[in-house]
Structures are given as structure tokens and as C-alpha cells.
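Residues per chain, in single letters:
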Amino acid sequence: MAVELCLLLLLFCGSTISEVQPIYKPPPGTLDFGFVPSKTYDTGAYHEPGAIGVLFKIVHAFLYLVQPNTFPQDLIRKLAQQQFGNTQGDYQKAIYYEIGFIVSAALGLLFILLLPLVGLCFCMCRCCDNCGGEMHQRQKKNADCQRSCFATFLFVASLIISVGVLCAYAANQHLTNQVRGAKKLVNSNFKDLKIFLNDTPAQIDYLVNQYNTTKDKALSDLNNVGPVLGTRVQEQLGKEVRPALDAALTMAGAIRETKEALENVSVSVEVLQEGTERLHANLTDVKMHLSNTLNDSACNAAQAASTCNIIRNSLDQLDINANFSGLPGVSSQLAKINDVLKIDLSSLVQKGYAAFNDTPDLVVNQTRNILSDIKSVLESIGSNITTFTRALPVQKILADLMVYLTQSEAYVQDYFPVVEQYDFYRWLGCLILCCMLVLILVFYYLGLLCGTCGYDKHASPTTRGCISNTGGNFLMAGVGFSFLFSWLLMIVVVLTFVTGGNVEKLVCEPFEDKNLFKVLDTPYLLNKHWKNYLAGIIFKNPNVNLTFEKVYSDCKENKGIYTSLHLEHLFNINELLNISMYTEDVALKIEHIQINLSKIILLDEIGKENLLNFSSSGIDGIDFSAYLTEINKSVTKVDLLSFANDLEARADQLPKGALENALKGHANNIRMIHNQQVVPLEQAMKYVKARSTLNQSIRLLKRTSSELMVKVKNVISAVNAAQNLINNNASQVIVQETKKYMDTIIGYFEQYTEWVKESIAMEVAACKPIANVIDTAIDIFLCSYIADSVNTFWFGLGGSSMFLIPAIIFAVKLSKYYRRMDTEDVYDDTENGNNGYHKEHLYGIHNPVFTSSVEQW
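Residues numbered from 1 in each chain as written. Predicted model: local features only at pLDDT ≥ 70, side-chain atom pairs only at ≥ 80, totals over all residues. Heavy atoms only, no water.

Draft legend 1. Representation of the overall build of the protein within the structure. A tally of regular secondary structure across the protein gives 28 helices and 2 strands. Counting every position in the protein, which comprises 857 residues, the buried fraction comes to 46%. If you take every contact in the protein between residues at least 6 apart in sequence, the share linking residues at least 24 apart comes to 88%. When the accessible surface of the protein is summed, it comes to about 42800 Å², and 58% of that surface belongs to carbon and sulfur atoms. (Helix = DSSP H or I, 4+ residues; strand = E, 2+ residues; numbered from the N terminus. Buried < 20%, exposed > 50% of the residue type's maximum accessible area, 1.4 Å probe, protein only. Contact = heavy atoms within 4.5 Å. Areas by Shrake-Rupley, 256 points an atom, 1.4 Å probe, with all protein chains shown as cover.)

As C-alpha cells, this is what we get:
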């Protein structure tokens, strides 16, 4: 029932997206769907053992020495398929793989069998006063050295046994501590599973509700169809329309500028003509009077003839240089331009602009009915998604799963005290085993302490002190308990070694490097009819490539359960998210949009005729070179001041008299004309501005008139081409822009579906808790808590048990040097150089002989 409910939840999660479709890159206008609501899982499926981790690593290294072979995938597969043993090589491979465990277990069994037997024989042998049972010690020269060596070796062996006992006790206590703390980890896993179940519906609802974001954006664009579609159409048409209208508007401005230029030419010429005519009259009058003076008889004199001739020849220079009176008039051109301006061409062009700028409003007015149909389609899509989602038995599935999860949690909570109780029994049993070794160690340490402290090197073996004798008895007691307990300890060591070692090598290590999953993913392993077992359970289709390793890895990375289980093979929900099904109606509705722009008139015939009249106004017939030539000339042909000075200088060359004075008077008149007329013509603002305005106006007219007819025809052609585009080819532009507009609307749905797919794949129903449960059960509980602790326990206990053998040997040897003997070697010191004991009866001292059987062992 639990498996079925879990699968139903997985399938429901899978029913929120469809098959993978090519990723669509939407046009500008990316939608923001926010973040799928999710909570952080509390369980950290990782165990840090602490200081005891050093022991765990040592045990792992020892196991690698015992069993360095790789994981036997083939043997495990055959064993699971019940084909193990079909070939003779299977047993050889199994033995080869387990040879380290087999040899070690065989040595342990040999230890279990032989040590009690050796202990029994040793006891019987000692009862017969053999094997050191005789209470007589033969003295040797190196007795002190042997005693020290035996004591040192026994102490070292006891220390090693003590270290092993401490390791075993630490492992035993570590396992108990972890079992007691496991409840928190178990509760954390249950909490994460509940979060997993409770958050999934909210996440799915969030995905469904985000359709409103897509719909609202689409409706917003539809409501603004004028600014959106109309503006797009206007922009495309505007690539030709706006330049044409701009050219026409520019030409309208040129007409106004031409009128202003012609008026400026007319006024400026009049001003300049007025100034130059008065100057010309004055210069003519001066030249006439000067000529009359030169005709005087005084000029016929020999001294004045040459001077008068020179002056007479220079009189032609007294004349104006720039003659504005001879320039052609522009009144006829100005009259024609005024006729052209009677029609306001700028206003006509602005009407064309206004008509073209009304394109969005035309689009709105002509698409009202179709937009209402599209909105209805969008509303129906949302209704279909909501209806489909509500039709799924979400609440029932989640309720059933929650009930099962709650029952499982209650079951664990109820039986956890039982687990703790049994763990207490295990802990107590392991503690008793440790206490057995501690008891042996106590006898050895007490024996070493009493023997070492109570030993008197001057005392004879038969006269040793009570403390020394007690030390020897402690050592022999330790030997006796060693024989009694060692076989029982080794039985526990062998059983835990074979079990814990194989769990580490066959479960923990393959789980860590995922070889265990590769075995589980072997085709036809768990079911001889199914290629992929997991796919057969979930999809009833074992041919789907769904593996335990991939599912575990994906869940480990906290991917969505839909991606992890490849649920697209089980549910195909194109009815919900297949964009072509929903957008087909939208596309058809949008394609029916037809916009008529024939009402747009860019420039009517009056405006075009006005342009033609401007081109035939005659400004191109003005003699611009004549104007520019006169403008660039100086006011007079000669500098009047220079002429007057030169005239006065020549007058000084004449004889004193009336002629000289007359010429000097004419020179003064010329200076007066220069100061009163020439200087104002050159410097007065009125004349300077007139010359400048005339210069600028003539140049403007020259530029405007250059190929005027061609320019006007080009403007009219551009306007006609733009008008033809609107009237005849606008439908093609509208179709293109409508297609782009449709792609924009559909792009919103594409974004939504891609976002849903990505969210389902990576965020919705993230299955990290499932991987955490597996890690908690295998990696933490089985391997880190149990296997590592059990392996460390047998490692310490086994090492201690093995060192009991040398400890027994050294303890038996050392006890001879501490216990009080019944007899001793007696010899004459004169014969032996006083190296032995004295024959005490020679000195009148009786040598007691202790024959009490209590001191014999």
C-alpha cells in the first residue's frame, strides 16, 4: 500500500509537464514568474565520527589488507539470480575473494579450539609438578636479567591488551551513543518527508496560478493592440512614409525661405543702388570740374603740361566700381513665389503626418471583434488548466501518503524504546566481554606491581616475602582466567569479524562508490522477465531506461522527482502544456486581423501641384554670377584718399598760382566725398547688412534653384511611392507585423511552458529527502553507526585476545621469580665462588622445607 501511494504521488508530480520540446527563445519581453515556493530540508545525511574516526580508518586499512579485492559484481549478480554454482569457477572466485576472511576466521577457530585444550593440558601438567608446577627454582647466573625481561615483555603485552580493551570499549560506547542520538536523525527525516508532501501541492498550485501572469501579459498586449501592433505597422511603413513626408515638409520650408531670400535681394539691391547712385553723381561732378580745371591755359605751360596730362589720364579712375543699378530684378520670381505660398503646403504635409500617426487608432477600431474572441480563448485555456488540475486526486493521494507516513513515524517512535533496550543488552554484553579482559589485566598489573615492589634480591626462593609471593599468585590467576575467557572472546571476535567485515566490503564500500547500484541495475537481476526492475515497477514497462543509480544521483542533487524518475514515460499531458493545441486558436484569430489603411492620404493633388508651381517659379533663371560679381567689388575703382593725396602732391609740383590752388581744392572735395559717402557705404550697418543679406540670399537662391525641378519630382515620386505602399502593399506589411505580434503573444505561452518544465525538473517535489532516507539507513545507520563500531570492537577485542598468548607465557615464566618456593638449590660457596646460597645447616641453622600443597598449583 505504501509503495502504491508513493508511486501515485510521483505520477501526479509527473502530470504537471509534457514531453520535452525544443527550447523556444521568445522575443524581447521576458516574463517574471518569480520563484517556486520551497522550504529547506533539515536533514544533513553526513556523519562525522569525531576522534574515534581515526580508529575507523585504521580498521578500514586492516580490512583492506585482509581483503584487497574489488567488489565482485559478477558473483553478486549470479547469487541474486540464483545461478551461483552453475560453474566450478564460481566457487573458486568466491574463495579467492573471501580468502582473507577465510584464513583469518580459520586462525580464529584454531585459537578457539587449541587454547582451551592447551590450557587444560597445561593445568594437568602443572598438577603433576611439570610445566613449572614444581615449587623449586633452579638458580642461574642471568636470573635477574631474565626476570626483568619477562616483566618488561609482560608489561608491554598488558599495555597492548589495555589499548585493545579501550578501543573495544570506545566502539561499544560509540555505538550506544549513536543509537541514543539516532532518534533525532530519524525525526529529521520524517520531518523532511512531511515537508516534501506538504509543499508539493503548494508548488503545483503556484505553477498553475502563474498562468495568470502569462494571460495578464497577453491581455495587456491585446488591450494595447494599437500601441503594440499599430505601432509596429506604423514603424515598418514609416521607413518609407516618414522620409517622403519629411522631404515634402523640407520643400515647403524651402519655398518660404525662397520668398524671404527674394525679398531680401530686392530690398538690399534698392539700398545699395541708392548709395552708389549718389556717389556716382558726386564723383561725376568732381571729375567734370577737375577736367574743366585741367583745360585751363595754365596747363599749357611747359612746367605744368606733363603734370596736367598725368592728372587728366587718371580721371577715369574717379568712378564707382560696384554698379548695382545694372543688376536684373527678381520681382517676377517673387510674384510667382507669392502665388505658390497662397496654398499652405506645410499644413497639407502635417495633415499627412496626422493621418499616418492615426494608424494605431485604425488598428484598434478594426480589431475590436477579433480581440474579444482571442480573450475568450485565453480565458478558456486557463479554465482548462484549472479543470485538469482539480481533476487529479491530489488531496487523496497526499492524505493517504501522510497517513502512512504518520503511521510509520508512530511505529518507529513506539519501537524505538525497544531498540534502545536491546542496545542496552548488547552494550552490557560487550561491556562484560571487556570486563573479562580487564579482570585478566588487573591480575597481571597487580602481579607485576606486587612482584616488583615485594621482590628482594637478597632473599632466597624459599624465603621470599608475602607481597612477592602474592604477585606471583596474581600472575598465575591471570593465566588461569586467560585460558577460561580467551576462547569465548575469540568466538565473539570471529563472528563479528566475518559479519562486520563483509558488511563493510560488500555493502558500505560498494554503496559509497555506487557499485552496489550498478549491481541492482543489472538487467533481469531482480526479475528475470524485466530488463529494468525499477521501470517495471513504476511504468509497467521494463524497457524504459530507469536505473537505481540515476534516481539516487538525481535525488542527491535535489532535482525534481519528475526528472529523477523520468515520469514523462508514464504521463503525456500535451493536452495541458502542448502549446500548439492552445496557440492554434489564438494564431487563427490573430491571422484574421485585417487592417485597411487606404484612408490615409499623405499629400493630395493640390500639394503636389503646388510643388510643381514652385519648381517653375523661375528662380533658376536669376543671373546669380552677376550679383555675386558686384557684391565682391569695392565701392570705387580707386582709393579716393590715395587719389586725393596724389592729386595734391602733383599740384605742389606746379608753379604757385590759381591752377595749384584749384587742384588742391578738388583734392579736398574728393576727400570729403570719401569721408561722407564711401566710408558710410563700407562701414555703415545699413549698407553692410544690405551687402551681407544680399550675399547670403543670392547664395541660398542659387542652392535652392540648383536642379530644382529634379528635387521636386523626387519629392513627389517619394510621396507617391509611400502612398502606393499604404494603398497597395500595406497588407503585406500588416501580415508580417501581425505574424510578429502573434509570435510575441505565443512567446509568452512558450516562456510559461519552458518555465514550468524547468521548475518541475529542478524545483517541484525535490526528492532530496528520499536520498537522505537512503543515506541515513545505509551510509549512517548501517555503515557509520553499526559496521564501523562493530568492526572497531572486534578489532580491539581480537587484538587483545591474540596478545593473551604471549602474556600467558611471560606471566608463567615471571611467576617463578615472585612466588615462594618449597625447595631451592643449596651449594657450598667455597666450591662455587660464593655465587649461590649457603648451606645453612653448616652454620647451625636449620633449613626449613615447605611442603604445603596450598602453595602448589
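Draft legend 2. Quick peek at the packing of aromatic side chains. On inspection of all chains with the given rule, the structure shows 23 aromatic pairs. Among the aromatic residues, ring-to-ring pairing joins Phe62, Phe101, Phe497, Trp794 and Phe795 into one connected group. (Phe/Tyr/Trp six-rings, centres within 6.5 Å; stacked < 30°, edge-to-face > 60°.)

Draft legend 3. View of the state of the cysteines. Applying the stated criterion to the full structure yields 2 disulfides. The side chain of Cys508 participates in a disulfide bridge whose partner is Cys783; the two sulfur atoms lie 2.0 Å from each other. When the S-S torsion is -100°, as for the bridge of Cys508 with Cys783, the disulfide is left-handed. One end of the pair, Cys508, is in helix H14 (residues 466-512); the other, Cys783, is in helix H27 (residues 768-802), and 275 residues separate them in sequence. Each member of the pair Cys508 and Cys783 is classed as buried. Disulfide pairing places Cys555 opposite Cys767 at an S-S distance of 2.2 Å. Here the S-S torsion is close to -105°, and the disulfide linking Cys555 with Cys767 is therefore left-handed. Taken together, the positions of Cys555 in helix H17 (residues 548-556) and Cys767 in the loop between helix H26 (708-762) and H27 put the pair 212 residues apart, joining distant regions of the chain. Cys767 carries the same exposure label as Cys555, and that label is buried. Cys435 takes part in no disulfide bond, and the closest cysteine sulfur to it belongs to Cys434, at a distance of 6.9 Å. (Disulfide = S-S within 2.5 Å.)

Draft legend 4. The environment of Pro769, seen in detail. When you line up the elements, Pro769 lands in helix H27. Spatially, the C-alpha atom of Pro769 lies 6.0 Å from that of Leu193, the residues being 576 residues apart in sequence.

Draft legend 5. Local environment of the pattern of salt bridges. What the rule picks out here adds up to 7 salt bridges. Ionic pairing is found between Lys194 and Glu409, a salt bridge with its closest N-O pair at 2.7 Å. Pair noted here: Lys194 is in helix H5 (residues 143-209) and Glu409 is in helix H13 (residues 394-454), with a separation of 215 residues, a long-range link. In this structure Lys194 comes out as partly exposed when scored by relative accessible area, which is 25%. Under the relative-accessibility criterion, Glu409 is labelled buried at 17%. Among the charged side chains, a network of salt bridges with common partners joins Lys550, Asp554, Glu557 and Lys559. (Salt bridge = Lys/Arg side-chain N within 4 Å of Asp/Glu carboxyl O.)

Draft legend 6. A look at the environment of Ile780. Of note, Ile780 is situated in helix H27. Expressed as a C-alpha distance, the spacing of Ile780 and His47, which sit 733 residues apart in the sequence, is 6.3 Å. With residues near it in sequence (within four places) discarded, Ile780 still touches Ala45, Tyr46, His47, Leu185, Asp775 and Tyr785.

Draft legend 7. Region of interest: the layout of surface pockets. In this structure, the second largest pocket occupies an estimated 590 Å³ of space. Lining the second largest pocket we find 25 residues, and of these His47, Glu512, Asp779, Ser784 and Asp788 sit closest to its centre. Breaking the lining of the second largest pocket down by element, the ones donating at least two residues are helix H2 (53-66), H14, H17 and H27. It is H27 that provides the largest number of residues to the lining of the second largest pocket, a total of 6 residues. Here the residues of the lining of the second largest pocket sort into 10 nonpolar, 5 polar and 10 charged. (1 Å grid on protein atoms, 1.4 Å probe; cavity = no way out; pocket = protein on both sides within 12 Å on 5 of 7 lines; lining within 4 Å. Points joined across faces, edges and corners; volume = space filled by probe spheres on them. Nonpolar A, V, L, I, M, F, W, Y, C, P; charged D, E, K, R; others polar.)

Draft legend 8. Spotlight on the packing of H2 against H14. Running from amino to carboxyl end, H2 crosses H14 at an angle of 90°, the nearest separation of the two axes being 11 Å. Judged on the interaxial angle alone, H14 and H2 are roughly perpendicular. Taking contact as the criterion, the partners of His60, Phe62, Leu63, Tyr64 and Val66 in H2 are, on H14, Phe497, Gly501, Glu504 and Lys505. (Axes fitted to C-alpha atoms, helices over the stretch in contact; angles between N-to-C directions. Parallel < 35°, antiparallel > 145°, perpendicular 65-115°, else oblique.)

Draft legend 9. Highlighting unusual backbone geometry. In this model, Lys514 sits at a positive phi of 70°, which is unusual for a non-glycine residue. When its relative accessible area of 26% is taken as the criterion, Lys514 is described as partly exposed. Not every positive phi belongs to a glycine, and Asn558 is a case in point at roughly 65°. Assignment of secondary structure puts Asn558 in the loop between H17 and helix H18 (561-565).

Draft legend 10. Quick look at the packing of H5 against H27. One can describe the packing of H5 onto H27 by two numbers: an axis separation of 8 Å at closest approach and a directional angle of 170°. With respect to H27, the axis of H5 lies roughly antiparallel. When the residues that make up the contact of H5 with H27 are grouped by side-chain class, the tally is 20 nonpolar, 12 polar and 1 charged.

Draft legend 11. Spotlight on the side chain of Gln178. Tracing the sequence through the fold places Gln178 in helix H5. Sequence-distant contacts of Gln178, defined by excluding residues within four places in its chain, comprise His47 and Tyr785.

Draft legend 12. Representation of H5. Compared with an ideal rise of 1.5 Å per residue, which puts 67 residues at 99 Å, H5 spans 96 Å between its outermost C-alpha atoms and is within 8% of the ideal. At Gly181, H5 is deflected by roughly 35°, the largest bend along its length. (Expected span 1.5 Å × (residues − 1). Bend = angle between axes of the 7 residues up to and from the residue.)

Draft legend 13. Seen up close, the side chain of Ser158. Mapped onto the elements of the fold, Ser158 is located in helix H5. A relative accessible area of 0% places Ser158 in the buried class. Setting aside its immediate chain neighbours within four residues, Ser158 contacts Leu441, Tyr444 and Tyr445.

Draft legend 14. Structural detail: the environment of Ser291. For Ser291, the position within the fold is in helix H7 (residues 225-294). Along the primary structure Ser291 and Arg312 are separated by 21 residues, whereas in three dimensions their C-alpha atoms are 6.9 Å apart.

Draft legend 15. Broad picture of the nonpolar core. Among the nonpolar cores identified, the biggest contains 60 residues, and Leu378 and Trp755 are the most heavily contacted of them. Per-element accounting of this core gives the leading share, 10 residues, to H5. (Core = buried A, V, L, I, M, F, W, Y, C linked by side-chain atoms within 4.5 Å.)

Draft legend 16. Spatial organisation of the confidence of the model for the protein. Residue-level pLDDT values for the protein average 75, and 73% of them are 70 or greater. When the elements of the protein are averaged for pLDDT, helix H1 (residues 2-14) gives the smallest value, 35, and H2 the largest, 91. Counting interchain partners and residues more than four positions distant, the pLDDT-below-50 stretch residues 1-28 has 76 contacts. A low-confidence stretch, residues 828-857 stays under pLDDT 50, and its non-local contacts, those more than four residues away or across chains, total 43 contacts. (pLDDT = per-residue confidence, 0-100.)

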